[in-house]
Amino acid sequence: MKLLIACILCLGAMTTSAQESLNVMTFNIRLNLESDSGNAWRYRKDKVASQILFHDAKLVGVQEALPGQMNDLAQLLKGYRWVGVGREDGKQGGEFSAIFYDSSRLKLLASETFWLSETPSVAGSKGWDAALPRIVTWAKFKDTNSGKIFFHFNTHFDHMGKEARKQSSLLILKQVAQLAGKLPVLVTGDFNADPSDEPIQVIIDNKNPLHLTDAEAVSQTPHYGPNASFNGWQIHTDNLKEHIDYIFIHGPITVLKHATLAQLWGTRFSSDHFPVMATVVVE
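Since we're looking at a predicted model, the values are computed, not measured. For every chain, the first residue of the written sequence is number 1, and numbering continues from 1 along that sequence. With the structure being a predicted model, the display of local features is reserved for residues of pLDDT at least 70 and the display and counting of side-chain atom pairs for 80 or more, all residues being used for whole-chain, interface and lining totals. The basis for the side-chain values is all heavy atoms of the structure; hydrogens and waters are excluded.

Here we take up helix H4 (residues 162-180). For H4, spanning 19 residues, the distance from its first C-alpha to its last is 27 Å, which sits close to the expected 27 Å at 1.5 Å a residue. Within H4 the residues assigned to the buried category are Ala164, Arg165, Ser168, Ser169, Leu171, Ile172, Leu173, Gln175, Val176 and Ala180. The contact criterion used throughout is that any non-hydrogen atoms of two residues lie within 4.5 Å. Numbering goes from the N terminus for both helices and strands, where a helix is a DSSP run of H or I of at least four residues and a strand is a run of E of at least two. Packing partners of the buried residues in H4 comprise strand E5 (106-115), strand E6 (135-143), strand E7 (149-156), strand E8 (185-190) and helix H5 (198-204). Downstream of H4 by a residue or two, Gly181 has a phi angle that is positive, lying close to 60°. Here the expected span of a helix is defined as 1.5 Å times the quantity of residues minus one. Throughout this description, buried means an accessible area under 20% of the type-specific maximum (1.4 Å probe, protein chains only), exposed means over 50%, and partly exposed covers the range between.

Shown next as structure tokens:
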């Protein structure tokens, strides 16, 4: 009898975990460039949307998304809504680091964008030695399944400015602490830095009480897929080295799975970056 009760309780816990788990994705979708020829956006947009939908990603932080690409994804991702602004003017100018979310599961409570600069509230501002304006879009959600409230921050660090990447890491830690407080936090993005590079080391430095944790490092299931997340359109994934896309967590979040999704359609990828996904439970 005791064994039967234990089995029932175990099954109940597994069912609850399955109901409350969220698939979270970070996805640099590559801006729309006609010079990409066969890899141009018009040939890839259905592939990008299909990866999000097939893997049932409830939250997707996208990078390099131009306004037209945002419109395309909004049409292709039925039932999803999004938040974000263009980095050039805080409206429609330039690339978005937007957050798409499944509105049947998640209720948006608040959202805003700040710039990775010495003046975070000034639209279009460039920070330190950055080549371009860089942004963080954040959203506060309530999970209608579990009732849990949490934050999601999404970003794209500068590709040139070494000091800008370091200072951006420090600024994100500060902003996460100020905005989210003790609530659980997910941080997604293209950080243009490998795990051993200073910007990532700043983020995960456990001597800093504000530090974040790499979801891959604490996944209950071993990482699935290539270690690299940037493919540069090269199909020989064993030779890829650049691991620059991440999902970080802070607070009471359990990571069940972590993966880099290297799906090929013939000899084509959906982007020059692989989407990175984690299955998490917000406690």
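Further remarks concern the environment of Lys91. Here Lys91 shows up in the loop between strand E3 (80-83) and strand E4 (99-102). In this structure Lys91 comes out as exposed when scored by relative accessible area, which is 60%.

Turning next to the layout of surface pockets. The volume enclosed by the largest pocket comes to roughly 220 Å³. Around the largest pocket, the lining is made up of 16 residues, and of these Glu64, His156, His159, Asp190 and Asn192 lie nearest the centre. Residues are grouped as follows: Ala, Val, Leu, Ile, Met, Phe, Trp, Tyr, Cys and Pro are nonpolar; Asp, Glu, Lys and Arg are charged; every other residue, Gly included, is polar. For the lining of the largest pocket, the per-class residue count stands at four nonpolar, four polar and eight charged. Residues are called lining when one of their atoms sits within 4 Å of a cavity or pocket point, these points coming from a 1 Å grid over the protein atoms alone, where a cavity is a set in which a 1.4 Å probe fits but cannot get out and a pocket is an open set with protein on both sides within 12 Å along at least five of seven lines. Grid points are joined across faces, edges and corners, and a volume is the space filled by probe spheres set on the points.

The next subject is empty space enclosed by the protein. Taken as a whole and judged by the stated rule, the model has one cavity of 30 Å³ or more. Space inside the largest cavity adds up to approximately 40 Å³. For the largest cavity, the full set of lining residues is Glu64, Arg87, Glu95, Phe96, Ser97, Pro133, Arg134, Ile135 and His156. Of the residues that constitute the lining of the largest cavity, the class distribution is three nonpolar, two polar and four charged.

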